[in-house]
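One-letter residues, chain by chain:
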Amino acid sequence: MDSNSKLFKAWIEDRISGLPDAIVVHILSFLETRYAVQTCLLSHRWNNVWTYVPNLEVHVNSLKCGVDQHVRESGLVDRVLLFRNLSNIHKFHLACLGIEDYFYRIDAWICTAIRRNVVELELDLWTTPSNSYTGLLKLPRSIFICKTLVVLKLVLTDHVIAIPPDSSCFPSLKYLDVQLCHPVAAKSLAKLFSCRYSALEELIIHGNIGRLRGDEVLNLNISAPRLKRLQIRFCAVPEDDPYATDGGYEYKIFVNANAPNLEEFNVKYLLASYTLNSVKSLSKVELKLKGLHAGENLYFADRIHKLFAEIVNVKCLSVLASIVGDPDIAYQYPMPTFNNLNQLELRLQTCCSWQSLPIFLNASPNLEYLVLENNINCRAHGADIDDADDGDVDDSDDYDSHISDNYDEDDLVHEWSPPRVVPICLLSCLKTIYLRGFRGRSDEIEVAGYLLKHGKVLNKVTIHTSNFCEESVMELWQTFSRLPRGSKTCEIEWILPKL
Amino acid sequence: MSEGVMAVVKPEMKSYIWLQTADGSIQQVEEEVAMFCPMICREILQTGMGSSKNYAISLPQRVNPAVLGLILDYCRFHQVPGRSNKERKTFDEKFIRMDTKKLCELTSAADSLQLKPLVDLTSRALARIIEGKTPEEIRETFHLPDDLTEEEKLEPLRNITDDPRIRLLNRLYARKRKELKEREKLKNVEVEQECVDQRSVDDLLTFINGGNGDSKGIKTNKSKKKNRRRKDPTKDSSNNVNGNCNKESETLSSAFHDESRPSSSSNLQDCTIIDFDDGDVDDDLDPAMKEQLDREVEDFARRLNSDWPERMQEILSLGQERRLAPINMNGNGSARRYKSLDRR
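Residues numbered from 1 in each chain as written. Chains lettered and ligands numbered in written order. Predicted model: local features only at pLDDT ≥ 70, side-chain atom pairs only at ≥ 80, totals over all residues. Heavy atoms only, no water.

## Points about the overall build of chain A
Part 1: In terms of helices and strands, chain A carries 13 helices and 22 strands.
Part 2: Across chain A, the fraction of contacts at a sequence separation of at least 24, relative to all contacts at a separation of at least 6, is 79%.
Part 3: Here chain A displays about 19,800 Å² of accessible surface, and carbon together with sulfur accounts for 52% of that area. (Helix = DSSP H or I, 4+ residues; strand = E, 2+ residues; numbered from the N terminus. Contact = heavy atoms within 4.5 Å. Areas by Shrake-Rupley, 256 points an atom, 1.4 Å probe, with all protein chains shown as cover.)

Printed below as a string of structure tokens:
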């Protein structure tokens, strides 16, 4: 009787089993597969719900325990693949630490997933660290000809490579994310792109390619006629010595993208030589080149100038490249005119001058929306590889680094020298200005004052200040309300940091 | 957020929608909040209901007034377009803090209203609760009835390690691993790669095939030199190797599905007979026998691969009748859709 009443009580209180199967499967699909499978032990109702989960999330780690443990784990994966319902696998995420121990199985697992019409495949395959393993895991050929694969994320190392078998591959692949883990042979990366990606719409390459030895040159020829978004976020820095005098190997990297429909282009870290054949289509470009300072090698100035020429028709531009503010470079490499530029986000590091502001304003006659971000933390050359490389890193997180650190602020002279001629966009079209990372220094107030005074069609100026103290904000507010304004309809809005 | 400019509040004529829950109670909700739910939105647009108390929209049974309140709070926050991702995330994290019973009710209700973002949010929360717990703990948390017999509970655990095919496969892999390690040690010695690997695979195939007398392995495919490769293999040989590896894994996997073969029971017996002790490398075979076994194995593999889908159906229906309870699934049984920008 006791067990009966217990069952009855459970029947009353058990809510989760009452959910429809589709929802239970949906819940299990967020779990790592081993936990989803474990639910078959819960009660009769849960007996084989796990077999309907269309996603497989497999984490195997040969460092964890002895041989016995990882043999059992692989046995579990084999069994899951065997006894699962025949329905297709929607997403397969295989995270393996110690590919030398799971070598043959990895291939079998991937092939099985492909046979079950996998749509999204994510492969995180790593060798155990400090391992003298010299083998090479080549991703199976069936990946490249899989008709159902739409999303692929993989990691290329010197032990894991992916070489397409012929000139046309991935017939349905729309999203490709490649992470490079030093040291990757540049050749193997180039080979990955040796075929035509007929359906690809978004490509992300990130990580660190490491040192490019000797005469080695990386030619990335990306052929993707439908490509809409391209993100190049990898660096070329020897991981064992990021401060090496021979620095980054960007000068040896050439990215040649045949992407006539490219809409968005993001570059972080890497100032390679870019050729994009997307003159008309580009709408949004983001350049984040933190390590590139004034006084750098003129070679970089040349490259960045070439890059600006490539993206000259862009509508929205976000730039973090202090090198632009270098007056010598500005003189030698005049900025092209961005006729279509409607929105500009100019991000200035603590070490750079205000010079880039008039340069960009002069180059954008049709600018309507300006975001000016100031006081971005600047570290020594090449040291930014430890930036968190998240796909969706919210750059507003940089605010935390606006708090001054070791860099001695007094040494930096920030001077605002107003241009001789007021930029056209200020007079005719600039409607909204957004100032971020504002500290209330005298030069910042001068700049803001200049913009307010000459901005004849300004509607709104929003100032996001990093000052915490109420009084200083009140002072600022008063100072600002006394500044002359060129536009009668201009409002000023203040945003304080959240505590 | 303090603003330097006073916001001017304009008196607006807000419109309301009337909703009726299963217990009969009616409440009114701001239109834009209610419209955030796809099901309500559809009702309004298609049938025109909800504009007055008499024509209140009846909500599905799974939505009781308490849960409806929660859902409306969610909608009220999220339907405001100007919010940043961070704000939404923070709200969600706070919102989801409730006991599991309520969470389940909320999931159920959100599903019936087709409010997918909320379904995802609650499902993830429930998944997080389940994750990492032992079955007993999960049963405790959710008050699940403990209605499996002790035997049934042990079954899956036992099967994972005791399934003879899995055990066999483990042994084969262990063997390969060991040989790999030995080869690594003897790096300087140029030994002709004898494909002891291949033999193991064929062992398996012949074993499952009905034990064609001699279960000693033979060489069929070309040697797998994968592990000794330098970093830049030539394209031809690498493709070859790759292709071989593929084929082998395919035959391996397909071989496993062969549950219904009549000889399988006798194979269990054979399993103990075949000597799988490590280091047992036996090479002296009659070449003619070798050839024959070669052909048989290839034939077998081909047959398996060609009518594999039908066999699978057959095998599964036989093998799983014990376990399979009818489950009603919608479509492909998944509530998840592919999102093209699924960021990590």
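## Some remarks on the overall build of chain B
Part 1: Helices and strands together make up the secondary structure of chain B, namely 14 helices and 3 strands.
Part 2: In chain B, which comprises 344 residues, the proportion classed as buried is 41%.
Part 3: For chain B, long-range pairs separated by at least 24 residues make up 66% of all intrachain contacts whose partners lie at least 6 apart in sequence. (Buried < 20%, exposed > 50% of the residue type's maximum accessible area, 1.4 Å probe, protein only.)

## Observations concerning the pairing of strand E22 (residues 491-495) of chain A
Residues and elements named next belong to chain A.
Part 1: The buried fraction of E22 is high, at 4 of 5 residues.
Part 2: Bridge count between strand E21 (residues 460-465) and E22: 5 bridges; the pairing is parallel. By the bridge assignment for E22, His 464 is matched with Ile 495. (Pairing = 2+ DSSP bridges.)

## Describing the sheet that holds strand E3 (residues 57-58) of chain B
Either a parallel or an antiparallel arrangement is found when strands of a sheet pair, and the pairing is made through backbone hydrogen bonds.
Residue and element names in this part refer to chain B.
Part 1: Strands sit in the order E2-E1-E3 across an open sheet of 3 strands; the sheet is mixed. The sheet terminates laterally at strand E2 (26-30) and E3, the two strands that pair on one side only.
Part 2: With 2 bridges joining them, strand E1 (residues 16-20) and E3 adopt parallel strand pairing. Its bridge partner being in E3, Leu 19 is matched across the sheet by Ile 57.

## A few points about the side chain of A:Ser273
Residues and elements named next belong to chain A.
Part 1: Topologically, Ser 273 is positioned in strand E15 (residues 273-276).
Part 2: You can call Ser 273 buried: its relative accessible area is 12%.
Part 3: Setting aside residues no more than four positions away along its own chain, Ser 273 makes contact with Ile 253, Phe 254, Val 255, Arg 303 and Lys 306.

## Comments concerning the nonpolar core
Residue and element names in this part refer to chain A.
Part 1: Within the largest apolar cluster, 192 residues are counted, with the highest numbers of intra-cluster contacts made by Tyr 197, Phe 265, Ile 311 and Phe 338.
Part 2: A per-element tally of this core places helix H5 (residues 99-115) first, with 9 residues.
Part 3: In contact with Ile 311, not counting residues within four places along its chain, are Phe 265, Leu 276, Leu 282, Val 285, Leu 287, Leu 317 and Phe 338. (Core = buried A, V, L, I, M, F, W, Y, C linked by side-chain atoms within 4.5 Å.)

## Some remarks on unusual backbone geometry
Part 1: Of note, the phi angle at A:Asn117 is positive, near 60°, even though the residue is not glycine.
Part 2: In this fold, A:Asn117 is placed in the loop between H5 and strand E3 (120-126).

## Focus on the packing of helix H6 (residues 116-130) of chain B against helix H7 (residues 135-142) of chain B
Residue and element names in this part refer to chain B.
Part 1: At their nearest, the axes of H6 and H7 sit 10 Å apart, and the two run at 135° to each other. As the angle between them shows, H6 and H7 are arranged oblique. Of the residues in H7, those in contact with Leu 126, Ile 129 and Ile 130 of H6 are Ile 138, Thr 141 and Phe 142.
Part 2: Residues of the contact of H6 with H7, tallied by class, amount to 5 nonpolar, 1 polar and no charged. (Axes fitted to C-alpha atoms, helices over the stretch in contact; angles between N-to-C directions. Parallel < 35°, antiparallel > 145°, perpendicular 65-115°, else oblique. Nonpolar A, V, L, I, M, F, W, Y, C, P; charged D, E, K, R; others polar.)

## Quick look at the confidence of the model for chain A
Residues and elements named next belong to chain A.
Part 1: For chain A, the average pLDDT comes to 81, and 85% of its residues sit at 70 or higher.
Part 2: Confidence scores differ between elements of chain A, with helix H1 (residues 2-13) showing the lowest mean pLDDT of 62 and strand E8 (residues 175-180) the highest of 94.
Part 3: For residues 380-410, every residue scores under 50 in pLDDT, and the model assigns this stretch 61 contacts once sequence neighbours within four places are set aside. (pLDDT = per-residue confidence, 0-100.)

## Overview of the packing of aromatic side chains
Part 1: Applying the stated criterion to the full structure yields 15 aromatic pairs over all chains.
Part 2: When the centroid spacing of 6.4 Å and the interplanar angle of 40° are considered together, the rings of A:Tyr102 and A:Trp109 count as tilted.
Part 3: Each residue in the set A:Phe144, A:Phe170, A:Phe193 and A:Tyr197 is aromatic and connected to the rest through ring pairs, giving one cluster.
Part 4: One Lys or Arg, A:Arg303, reaches over the ring of A:Phe254 and ends 5.4 Å from the middle of that ring.
Part 5: For the cation-ring pair, B:Arg83 lies above B:Phe77, with the distance from its terminal atom to the ring centre recorded as 4.0 Å. (Phe/Tyr/Trp six-rings, centres within 6.5 Å; stacked < 30°, edge-to-face > 60°. Lys NZ or Arg CZ within 6 Å of the ring centre and 35° of its normal.)

## Focus on the environment of A:Ser487
Residue and element names in this part refer to chain A.
Part 1: Relative to the elements of secondary structure, Ser 487 occurs in the loop between helix H13 (470-482) and E22.
Part 2: According to the relative accessible area criterion, Ser 487 is buried, its value standing at 4%.
Part 3: The spacing of Ser 487 and His 454 is 33 residues in sequence and 8.1 Å in space, taken between C-alpha atoms.
Part 4: Among residues more than four places away in sequence, those in contact with Ser 487 are Leu 452, Gly 455, Lys 456, Val 457 and Leu 458.
Part 5: Within the local environment of Ser 487, its side chain forms a polar contact with the backbone oxygen of Leu 458, the two atoms lying 2.6 Å apart.
Part 6: For Ser 487, the side chain forms a polar contact with the side chain of Thr 489, separated by 3.2 Å. (Polar contact = N/O pair within 3.5 Å; in protein donor to acceptor, adjacent residues only side chain to side chain.)

## Some thoughts on the side chain of A:Asp177
Part 1: Residue position: A:Asp177 is located in strand E8.
Part 2: A polar contact is formed between the side chain of A:Asp177 and the side chain of A:His206, at a distance of 2.8 Å.

## Some words on H6(B)
Part 1: With 15 residues, H6(B) extends 21 Å from end C-alpha to end C-alpha; this agrees with the ideal 21 Å at 1.5 Å per step.
Part 2: Counting buried positions along H6(B) gives 11 out of 15 residues, so the element sits mostly inside the fold.
Part 3: On its buried face, H6(B) is in contact with helix H2 (21-28) of chain A together with helix H3 (65-78), helix H4 (85-95), helix H5 (100-112) and H7 of chain B. (Expected span 1.5 Å × (residues − 1).)

## Regarding the pairing of E1(B)
Residues and elements named next belong to chain B.
Part 1: Sheet analysis places E1 next to E2, joined by 5 bridges and oriented antiparallel. Bridge assignment links Gln 20 to a residue of E2, and that residue is Ile 26.
Part 2: Between the antiparallel neighbours E1 and E2 lie 5 residues, among them Gly 24 with a positive phi of about 100°.

## Digging into the packing of H3(B) against H4(B)
Residue and element names in this part refer to chain B.
Part 1: The contact between H3 and H4 brings their axes to 11 Å, and the two run at 170°. On the basis of the axis angle, H3 is roughly antiparallel to H4. From H3, Leu 70, Asp 73, Tyr 74, Phe 77 and His 78 reach across to H4, where they touch Glu 87, Arg 88, Phe 91, Asp 92 and Phe 95.
Part 2: For the contact of H3 with H4, a count of residues per class yields 5 nonpolar, 1 polar and 4 charged.

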